[in-house]
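The primary structure of each chain is shown beneath.
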Amino acid sequence: MQELQTVDAETLLYNPLEQVKYIIDEILPVGLHLFCGASKIGKSWLMLKICLQVSKGEPIWELKTQESDVLYLCLEDTLARIQNRLFKITNEANNKLHFAISTNRISNGLIEQLENYIKKYPQTRLIVIDTLQKVRNTSNDISYASDYGDISKLKDFADKNKIAIIAVHHIRKQGDNDVFNRVSGTNGIMGSADTTFILEKKSRTESTATLYITGRDIEYQEFILKFNNCDWELMSRANQKELEIREIPPVILNIIEFMQNKKEWKGSATELLKELEEKEIAPTVITKILNEYHYTNLKDNKISYDITRNKYGRQIILKRDDIDDNDDSNIEISHQ
């Protein structure tokens, strides 16, 4: 029996290890990635654009790319269709971008085909499989084990060869508040991938779409893209922190500014709203909002929240945790 290989915490803490390498800065590291979207939404146009930019080492959406050989498996297309797409999106290309329109399946030699390709083109750092379903078994087995097994084989190959593999996949039609729950198949597909991209439009007639990104080595991000002249152009981009700030009620931001130079403030909900010059919020609502956000945004800004009762009724207590407790000059107490 093979001995279990372990590493101790001291070794991890004090010895430098090779860090994650990115094929596209900030969004596409080495590993296995799912790119999901509804049928005919424009996934293949975007994959072709990504492949072109990486093969030329040119940025996409202002993000740097690692120039390398690229393999694009266009398994639902013909060479003529690929050529026509190239005509529309570029005036120049090089021999670093390679195409194939048929391959074996994962269970029947695909990995061996990819290994042979890598030997011939050792500078390859990106492989796109369009679509994942085309390289899977034709049986009706849709179990977690089957999904996880297929994806794991692709991931192992990507990790072993230090490349990025993008597997284009579909999403289910039924709605869900979390778009990542709509990835077609069992949780074994998304669970074994390093990163998941979801491209979604509100309606087919719209030219704009949102690209949602989440993964093990990247922070959650959202890109707003516009399909213009067969090209997905970047309209805006937001990371996790920026998206969280967008969701914060304006009154919380007002409170953070209000407490900027105060050690402590005490008073009723009505008095607080008056101090903040908030006329559209009821006293009962402000206490609810404070209670909802005191463990997140208020805490992040060194502000603690509590509520007590005295002869005047319920009293709100706001404190700045980063101001010296011995300084009483910036304590404000309001009374009705």
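Residues numbered from 1 in each chain as written. Predicted model: local features only at pLDDT ≥ 70, side-chain atom pairs only at ≥ 80, totals over all residues. Heavy atoms only, no water.

J.: What am I meant to see in the overall build of the chain here?
T.: Helix and strand counts for the chain come out as 11 helices and 15 strands. Scaling as 2.2 N^0.38, a compact globule of 336 residues should have a C-alpha radius of gyration of about 20 Å, whereas the chain reaches 27 Å, well beyond that. On the principal axes, the C-alpha backbone points of the chain span a range of 80 × 60 × 40 Å. Expressed as a percentage of its 336 residues, the buried residues of the chain come to 45%. By sequence separation, contacts in the chain at least 24 residues apart represent 63% of the contacts at least 6 residues apart. Of the roughly 19,300 Å² of accessible surface on the chain, a fraction of 47% belongs to carbon and sulfur atoms. Measuring between centres, the 44 positive side-chain charges of the chain sit 6 Å from its 51 negative side-chain charges. (Helix = DSSP H or I, 4+ residues; strand = E, 2+ residues; numbered from the N terminus. Rg over C-alpha atoms; globule rule 2.2 N^0.38 Å. Buried < 20%, exposed > 50% of the residue type's maximum accessible area, 1.4 Å probe, protein only. Contact = heavy atoms within 4.5 Å. Areas by Shrake-Rupley, 256 points an atom, 1.4 Å probe, with all protein chains shown as cover. Lys, Arg positive; Asp, Glu negative; His and termini not counted. Charge placed at Lys NZ, Arg CZ, Asp CG, Glu CD.)

J.: Would you mind showing me how to read the pairing of strand β3 (residues 31-37) here?
T.: Along any regular strand, the residues point their side chains to alternate faces of the sheet. Counting buried residues in β3 gives 7 out of 7 residues, a clear majority hidden from the surface. Two elements, β3 and strand β8 (residues 195-200), share 5 bridges in a ladder whose sense is parallel. The residue of β8 that forms the bridge with Cys36 is Ile198. (Pairing = 2+ DSSP bridges.)

J.: Help me understand the sheet that holds β8 in this model?
T.: Strand pairs in the sheet, formed through backbone hydrogen bonds, run parallel or antiparallel to each other. The strand order across the open sheet built from 9 strands is β5-β4-β6-β7-β3-β8-β9-β10-β11, with neighbouring strands paired in mixed fashion. Bordering the open sheet on either side are β5 (97-100) and β11 (231-239), each of which pairs with just one other strand. The mean angle between the axes of side-by-side strands here comes to 20°, regardless of whether they run parallel or antiparallel. One ladder, built from 4 bridges, connects strand β4 (residues 69-74) with β5; its direction is parallel. (Axes fitted to C-alpha atoms, helices over the stretch in contact; angles between N-to-C directions.)

J.: Which parts of the structure should I look at to understand the environment of Lys96?
T.: The residue Lys96 is located in the loop between α3 (79-89) and β5 in this model. The spacing of Lys96 and Gln123 is 27 residues in sequence and 9.1 Å in space, taken between C-alpha atoms. When sequence neighbours within four positions are dropped, the list of residues in contact with Lys96 reads Ser55, Glu67, Ser68, Asp69 and Val70.

J.: I tried to follow helix α10 (residues 283-293) on my own but got confused; where do I start?
T.: Along an α-helix, residues three or four positions apart point the same way, because every turn accommodates 3.6 residues. Buried within α10 we find Ile286, Thr287, Ile289, Leu290 and Tyr293. For α10, the angular spread of the buried residues around the axis is 160°, confining them to a single face. Facing away from the buried side of α10 by more than 90 degrees, the exposed set consists of Thr284 and Lys288. (Arc of directions from axis to C-beta.)

J.: Help me out: how do you make sense of the pattern of salt bridges in this one?
T.: When the charged atoms of two side chains lie near each other, side chains of opposite charge can form a pair. Applying the stated rule across the entire model yields 16 salt bridges. Residues Lys49 and Asp231 are paired through a salt bridge, measuring 3.7 Å at the closest nitrogen-oxygen approach. On the criterion of sequence distance, the pair formed by Lys49 in helix α2 (residues 43-56) and Asp231 in strand β11 is long-range, its members being 182 residues apart. For Lys49, a relative accessible area of 18% gives the class buried. The residue Asp147 makes a salt bridge to Arg136 at a minimum N-O spacing of 2.8 Å. Residue Asp147 is located in helix α5 (residues 144-161), and its partner Arg136 is located in the loop between β6 (124-130) and α5; the two are separated by 11 residues in the primary sequence. For the pair formed by Asp147 and Arg136, the shared burial category is buried. Through salt bridges with shared partners, a single ionic network connects Lys155, Asp159, Asp194 and Arg216. (Salt bridge = Lys/Arg side-chain N within 4 Å of Asp/Glu carboxyl O.)

J.: How should I be thinking about unusual backbone geometry in this particular structure?
T.: Trans peptide bonds make up the majority, and among non-glycine residues the majority have a negative phi. Thr131 follows Asp130 through a cis peptide bond whose omega is 15°. Take Thr131: it is sitting in the loop between β6 and α5. Despite not being glycine, Glu62 has its phi angle at roughly 70°, a positive value. Relative to the assigned elements, Glu62 resides in the loop between α2 and β4. Even without a glycine there, the phi angle at Lys162 is positive, about 55°. Turning to its location among the elements, Lys162 is positioned in the loop between α5 and β7 (164-170).

J.: Just checking my understanding: could you explain the packing of helix α4 (residues 110-120) against α5 for this structure?
T.: In helix packing, the relevant descriptors are the interaxial angle and the interaxial distance, both defined with respect to the helix axes. Where α4 contacts α5, the two axes come as close as 11 Å, and the packing angle between them is 20°. Here α4 lies roughly parallel to α5, going by the angle between them. Between α4 and α5 the crossing geometry is right-handed. Taking contact as the criterion, the partners of Leu110, Ile111, Leu114, Glu115 and Ile118 in α4 are, on α5, Lys153, Leu154, Phe157, Lys160 and Asn161. Along the lines of polarity and charge, the residues of the contact of α4 with α5 split into 6 nonpolar, 1 polar and 3 charged. (Parallel < 35°, antiparallel > 145°, perpendicular 65-115°, else oblique. Left-handed = near helix turned anticlockwise from the far one by under 90°. Nonpolar A, V, L, I, M, F, W, Y, C, P; charged D, E, K, R; others polar.)

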